[in-house]
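This is what each chain is made of:
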Amino acid sequence: YSNMSEFTKAFDYEKEFNARLYLDTYFHLGSGSLADDFLRFELANLHKIFTSGGVTGKTLIDIGTCPSIYHLLSACESFNEIIATWYTQTELHELQMWMNKDQGAFDWSSVVKHVCELEGKSGKCQEKEDKLRGKIKQVLHCDVSKNNPLEPVVLPKADCLIAAVCLEAACRNQNSYITALKNLSNLLKPEGHLILAGDLGANYYEVGPNKIFSLAVSEQSLRNALSESGYAIRELVSFGKPEGADFDNSDYEGFYFIHAQKP
């Protein structure tokens with residue numbers, strides 16, 4: 001049982017982090033868990049940002065995709081190609097199963113259905129998943145602590161980056177968070193877009209018996225980190241934990257969604 005204040009290192013992730021259990025715990029929309037509030041909030045904001053026409057382009061790099069795809073369902077309407085990334089083998093395995101339509105792949109249908117409804121395309125769930133599969137052109141290893149997070153691969157600069165519930169797991173303090181944002185900036189074109197999404201105030205979240213470290217961020221710490229790493233914030237939206245929400249698998253205080261831009 002890992003201590004919640006302890007940083008979860010790559011080796012521990014590989015050993016302890018059960019990617020399927022993580023998906024089962026947090027990504028069935030309608031399960032009545034904190035995931036419902038999180039998914040509805042993030043999916044609505046992603047839908048808005050990618051369909052309002054503001055954020056489009058050729059290439060989107062998703063930082064720390066695996067094992068999730070929920071945050072790419074709207075993005076695949078606005079970009080020609082998506083580069084997905086992974087940090088541990090177990091996460092990569094989950095994504096590959098979904099990409100290959102394996103029998104045992106995680107069932108994203110509750111989330112896909114919700115996104116299709118947001119887009120006014122009810123009943124087009126299979127098409128939506130296939131469209132996203134077709135847009136994912138590469139799946140690369142990623143480490144945000146490196147100057148080129150995708151090293152040894154060097155890619156042309158992207159139009160947009162997404163990091164959803166990723167940097168809080170990868171960074172042990174505010175300084176490493178700022179460094180990660182600077183490193184990510186190296187992957188972006190000038191005026192490229194950065195989309196960040198995650199939890200506010202969470203020190204940990206539980207996956208089965210394991211407490212996984214999370215860097216507790218606030219709106220202020222996020223604003224500071226973005227300005228120190230050279231981004232301009234275009235939009236910062238947050239959602240406070242509802243009164244009476246009794247979820248004990250994380251000590252989160254709310255959620256955030258940010259659209260920032262590289263100068």
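Please read these numbers as outputs of a predicted model, since none were measured by experiment.

Draft legend 1. View of the UniProt feature "binding site: S-adenosyl-L-methionine" (unreviewed entry) in the chain. As recorded in UniProt, the sites labelled "binding site: S-adenosyl-L-methionine" (unreviewed entry) are Tyr22, Tyr70, Asp143 and Val144. If you take the residues mentioned a moment ago, the ones lining the second largest cavity come down to Tyr70. Within the fold, tyrosine 70 resides in the loop between β1 (57-63) and β2 (79-86). Residue classification places tyrosine 70 among the buried positions, given a relative accessible area of 3%. Not counting residues up to four positions away in its chain, the partners in contact with tyrosine 70 are Phe27, Phe38, Leu39, Leu43, Trp108, Val111, Ala164 and Val165. By the secondary structure assignment, valine 144 is in the loop between β3 (136-141) and β4 (158-164). Classification of valine 144 by relative accessible area gives buried; the value is 7%. Aside from chain neighbours lying at most four places away, what touches valine 144 is Ile63, Pro149, Leu167, Ala170, Ala180, Asn183 and Leu184.

Draft legend 2. Structural context of unusual backbone geometry. Here the bond from glutamate 151 into proline 152 is cis, since omega is 10 degrees, no more than 30 degrees from zero. Looking at the element boundaries, proline 152 is found in the loop between β3 and β4. Look at lysine 101: it is not a glycine, yet its phi comes out positive at around 55 degrees. Among the secondary structure elements, lysine 101 is positioned in the loop between α4 (89-99) and α5 (109-118). Take lysine 101: its relative accessible area is 48%, and that puts it in the partly exposed class. Of note, glutamate 191 is a non-glycine position whose phi angle comes to about 65 degrees, a positive value.

Rules of the game
- Residues numbered from 1 in each chain as written.
- Predicted model: local features only at pLDDT ≥ 70, side-chain atom pairs only at ≥ 80, totals over all residues.
- Heavy atoms only, no water.
- UniProt positions renumbered as here; feature names shortened; annotations may be inferred.
- 1 Å grid on protein atoms, 1.4 Å probe; cavity = no way out; pocket = protein on both sides within 12 Å on 5 of 7 lines; lining within 4 Å.
- Helix = DSSP H or I, 4+ residues; strand = E, 2+ residues; numbered from the N terminus.
- Buried < 20%, exposed > 50% of the residue type's maximum accessible area, 1.4 Å probe, protein only.
- Contact = heavy atoms within 4.5 Å.

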